[in-house]
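Single-letter residue listing:
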Amino acid sequence: MPEETPVVRFAQAENEKLTNHPRFLGLLRQLQRQEGELPSAQRWHLRYLEAWEAAYAGDLPKASAILRDIINQSGDEIFTTRASALLINVLSRDRQYETAYELANTLMVNLPRIAEEDVRGEALRAIIQMLGLAGQNDQALKYARQLESEIPPGKSRCAAYSYELNALDAAGKLSPKNPGLQRAIDMCLDEKQEVYANTLRLDLASLLTDEGRTDKAISLLQNMSPSILKSKFQPHIASLHIGLAEAYMHRGDDASAKKAALAALAVSNPQNFSEPLQSAYSVLYFVEKRAGHPAAALSYYEKYVTQKLAAMDDTKTRALAYQMVRQQVVDKKLKLEALDKQNGILELRQALASKAQEASRLYIVLLSLVIVFIGLWTFRLKQSQMRFRRMARHDGLTGAFNRQHFLHEAGRILQRMLHADDAGACLVVLDLDHFKRINDTYGHAAGDEALRRIVAMCRRELRDSDLFGRLGGEEFGILMPGCTCEQGVEIATRIRRALASAPLKLSPDSSVVVSASLGLAHSTVSGYAFHQLFSDADAALYKAKRGGRNRLVVDTGGDAPLVMKDDAWDAASA
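Attention in this report is confined to the structure presented alongside it. (Residues numbered from 1 in each chain as written. Predicted model: local features only at pLDDT ≥ 70, side-chain atom pairs only at ≥ 80, totals over all residues. Heavy atoms only, no water.)

### Re the pattern of salt bridges
Stage number 1. Here the structure, examined in full by the defined rule, presents 25 salt bridges.
Stage number 2. Note that Glu77 and Arg113 form a salt bridge whose closest N and O atoms lie 3.3 Å from each other. One end of the pair, Glu77, is in helix α5 (residues 77–93); the other, Arg113, is in the loop between α6 (97–110) and α7 (117–133), with 36 residues separating them in the sequence.
Stage number 3. For the salt bridge of Lys436 with Asp440, the shortest nitrogen-to-oxygen distance reads 2.8 Å. Of this pair, Lys436 and Asp440 both sit in helix α19 (residues 436–442), four residues apart, which is roughly one turn of that helix.
Stage number 4. Looking at Lys436, the relative accessible area reads 56%, which means it is exposed.
Stage number 5. Residues joined by salt bridges that share partners form a network here, namely Glu14, Lys17, Arg82 and Glu122. (Salt bridge = Lys/Arg side-chain N within 4 Å of Asp/Glu carboxyl O. Helix = DSSP H or I, 4+ residues; strand = E, 2+ residues; numbered from the N terminus. Buried < 20%, exposed > 50% of the residue type's maximum accessible area, 1.4 Å probe, protein only.)

Structural data, given as structure tokens:
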């Protein structure tokens, strides 16, 4: 049998990315060994497949770097379009929504010029994904139906049906009784497109659980379990476990529900947020509550609330990013119209030169007013754009950075400091003690005002270079770059003292003091990886609250953290 050529291997790799992933990896390794012999176009094709595999495996930074390289340097319109479509998926998973929407808008503009059927399909799928993330479900459904209508006879319709049914589900218009749902699942399975089939089957199981048909949902999930686990596609694995957890909980099998929910947590990153994580904590809360374990139930409920708040922030960020990009499109259109008007003004001025001096003055005044109006209009558009950008980064109540922007900026700063020769960095997690009592006693309006004053007090003690953000509720994060552990302790102590010694007047005849518990971790112990620094600071915060609140606990890397309260250090375990 003759040896397969690179052209044949590329075709097989494209066909088997989703149908036979182990076979795809083998083909990819064979092509990588031949890279030095490949012509330029095939080397770019190989780079694209490497980016696809990195995205599938969850290595988003690697995938993003390769795809940007293809877009900027390949000079091939087909691979530039394919790389743009895949980069949209990578950016949205990395929550870089504004850049993803800008790229999707570029694809929308270029869509009429894309003649290649498969490439056009990839572009449409990327556009549908971003419209769905923005909550534009009707628009997403419109493009999904366009995707389905453009598939020629004899070509696979699995992906198109999957996107159309997902758009219907997001719009709340999909029922488990929809005959097209089972037909699409059967079609995808027949074509060995198991990733798409599993996406639809997971949706069907969720719909069955919502209707109370838990036995059928559990049976469906158990049947697809080997396929999902074999695919090693983390989002599907997490969704499988949480689908089983919710179905078992609705059926009253709390032991199985707890086991499945813990399995979902085991395959998810607790530092991030996702629907499976939020659902897992919700299931564990209800199971522990029904079992009569209030402490465990409360712990899971707090984690559920944190996930829910983060999800709300993410939804808001997505909507604002979408609106900002739309605003930029409108701004460009208006600028073009303004240029057209200015050209018209120049033509009118030339005509006015031949008129009488008195008439010329009158026309010039009128034209000047038009120019002023255009300038004012452009200025207002710019202000609106800047306002949208601030809303996307700041917490609407306190003005501090919101959770998403704080996490992104903190990770970026720590990554930059990794090879720098400086004093290191401190991360402080601050939680207000018994803050719920203020809302319960004085009302939420008073609680909101208290949060604003507390944020102002904290900022007065920070340096200009410090990063301050609201993580959710009454929890805040402070990153201090270029800061020794001793300096971080000094700043955190000043904040604790300021809060503990400043009564807040919340009503005409009463005031209250709100203390805070703080956990501090330093890069000399925890390193520069944000998730480890945050985990150590959060653990120190937990020890501060467990040890009596209104105190600072410093992570020392051992079993005996340093605890400060009333200006005295205690090396005993908190």
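### Here we look at the state of the cysteines
Stage number 1. This model, assessed by the stated rule, comprises one disulfide.
Stage number 2. Shown here is the disulfide that connects Cys158 with Cys188, its sulfur atoms set 2.0 Å apart. Note on the Cys158 and Cys188 pair: the S-S dihedral is about 110°, so by sign convention the disulfide is right-handed. Note that Cys158 is positioned in helix α9 (residues 158–170) and Cys188 in helix α10 (residues 179–190), a separation of 30 residues in sequence. Take Cys158 and Cys188: they sit in the same class, and that class is buried.
Stage number 3. Between Cys426, a free cysteine, and Cys483, which holds the nearest cysteine sulfur, the sulfur-to-sulfur gap is 4.1 Å. (Disulfide = S-S within 2.5 Å.)

### Some details on the packing of aromatic side chains
Between two aromatic rings, the relevant description is the distance of the centres plus the angle of the planes.
Stage number 1. Taken as a whole and judged by the stated rule, the model has 11 aromatic pairs.
Stage number 2. A ring pair is formed by Tyr301 and Tyr304, whose centres lie 6.1 Å apart and whose planes are at 40°; its orientation type is tilted. Of this pair, Tyr301 and Tyr304 are both found in helix α16 (residues 294–352), three residues apart, which corresponds to roughly one turn of the helix.
Stage number 3. On the basis of relative accessibility, which here comes to 19%, the residue Tyr304 falls in the buried class. (Phe/Tyr/Trp six-rings, centres within 6.5 Å; stacked < 30°, edge-to-face > 60°.)

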